[in-house]
Amino acid sequence: MSTVVIAAAAVFFLGMGVYGLLAPAALIRPFRIVADSAEARTEVRAVYGGFGVAVAGLLLVAAAGAGGMRTGVVVAVAVSLLGMAAGRLVARSVERPSAFYPSWLYFWVEAAGGGALLAAVAW
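Positions within a chain are numbered from 1, following the residues in the order the chain's sequence is written. In keeping with the model being predicted, local features are shown solely for residues with a pLDDT of at least 70 and side-chain atom pairs are shown and tallied solely at 80 or more, while totals for entire chains, interfaces and linings include all residues. The side-chain quantities take in all heavy atoms of the structure and omit both hydrogens and water.

### Some points on the packing of helix 1 (residues 2-22) against helix 4 (residues 70-94)
Between helix 1 and helix 4, the shortest axis-to-axis distance is 12 Å and the interhelical angle comes to 55 degrees. As judged from the angle between their axes, helix 1 and helix 4 are oblique. In terms of crossing hand, the pair formed by helix 1 and helix 4 is left-handed. Contact residues: helix 1 offers Ser2, Thr3, Ile6 and Phe13, while helix 4 offers Arg70, Val74, Val77 and Leu81. By residue class, the composition of the contact of helix 1 with helix 4 is five nonpolar, two polar and one charged. Axis angles are defined between N-to-C directions and span 0 to 180 degrees, where every axis is a line fitted to C-alpha atoms and, for a helix, only to the segment in contact. Secondary structure counts use DSSP, requiring at least four H or I residues in a row for a helix and at least two E residues in a row for a strand, with both numbered from the N terminus. Throughout this description, any angle smaller than 35 degrees is read as roughly parallel, any larger than 145 degrees as roughly antiparallel, any in the 65 to 115 degree range as roughly perpendicular, and the remainder as oblique. Working rule for handedness: look at the near helix, and if it is turned counterclockwise from the far one by less than a right angle, call the crossing left-handed; if clockwise, right-handed. Contacts are assigned to residue pairs with any non-hydrogen atoms lying within 4.5 Å of each other. Gly falls in the polar group here, along with every residue not listed as nonpolar (Ala, Val, Leu, Ile, Met, Phe, Trp, Tyr, Cys, Pro) or charged (Asp, Glu, Lys, Arg).

### Side note on helix 1
In an α-helix there are 3.6 residues to a turn, and that puts residues three or four apart on one side. Helix length check: helix 1 (21 residues) gives 30 Å between terminal C-alpha atoms against 30 Å at 1.5 Å per residue, within 8%. For helix 1, every residue scored as buried is listed here: Ser2, Val5, Ile6, Ala9, Ala10, Phe13, Met16, Gly17 and Gly20. Angular distribution of buried residues about the axis of helix 1 spans 135 degrees; they occupy a single face of the element. Along helix 1, exposed side chains directed more than 90 degrees from the buried face belong to Val4, Val11 and Leu22. Where helix 1 is buried, its residues contact helix 2 (24-28), helix 3 (38-64), helix 4 and helix 5 (103-122). For a helix, the expected span equals 1.5 Å multiplied by the number of residues minus one. With a 1.4 Å probe rolled over the protein chains alone, any residue whose accessible area is under 20% of its type maximum counts as buried; one over 50% counts as exposed, and the rest are partly exposed. Note: the arc covers the axis-to-C-beta directions of the helix.

### Focus: the packing of helix 1 against helix 3
Viewed as axis vectors pointing N to C, helix 1 and helix 3 meet at an angle of 155 degrees, and their least axial separation amounts to 7 Å. Considering their axes alone, helix 1 and helix 3 lie roughly antiparallel with respect to each other. The crossing of helix 1 and helix 3 is left-handed. Its residues assigned to classes, the contact of helix 1 with helix 3 comprises 18 nonpolar, six polar and one charged.

### So, the UniProt feature "transmembrane region" (unreviewed entry) in the protein chain
UniProt positions are given in the numbering used here, feature names are shortened, and annotations may be inferred rather than shown by experiment. Annotation from UniProt places "transmembrane region" (unreviewed entry) at residues 6-27, 47-66, 72-91 and 103-122. As annotated, residues 47-66 comprises 90% helix and 0% strand, and the C-alpha atoms at either end are separated by 26 Å. Across residues 103-122 one finds 100% helix and 0% strand; the C-alpha atoms that close the span lie 29 Å apart.

### What to know about the nonpolar core
Counting residues in hydrophobic clusters, the biggest one holds 18 residues, and the most contacted among them are Ile6, Phe13, Leu59, Val74, Val77 and Leu117. For this core, the secondary structure elements donating two or more residues are helix 1, helix 3, helix 4 and helix 5. Top element by residues in this core is helix 1. It accounts for six residues. Here, nonpolar core refers to any group of buried Ala, Val, Leu, Ile, Met, Phe, Trp, Tyr and Cys residues whose side-chain atoms link them within 4.5 Å.

What follows is the structure, given as structure tokens:
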């Protein structure tokens, strides 16, 4: 079961990463961010695209149990996801998003994903 959870997280990051590489402006549009320059699109491709694909690769290595990195990789990604969710809670204390999507949806995805990954290494 833990391998399935890790692989599912890898698929999520891979999807985000590929989407970020291929359609950076579309990826951030739900947040009302406009990527109207090459520099802005490059930043989205790097942070959402390249990072997402790299994390997916690490998670797939962890799911396969290769190199003895499983626990370290999974805990690092889990803590990163939980940190993103915590950042959304901090933002909530400063200002409120106007709707559930996208901010709160991603809060729940990040919180559940981080928790599931931590549970996966505990199994």
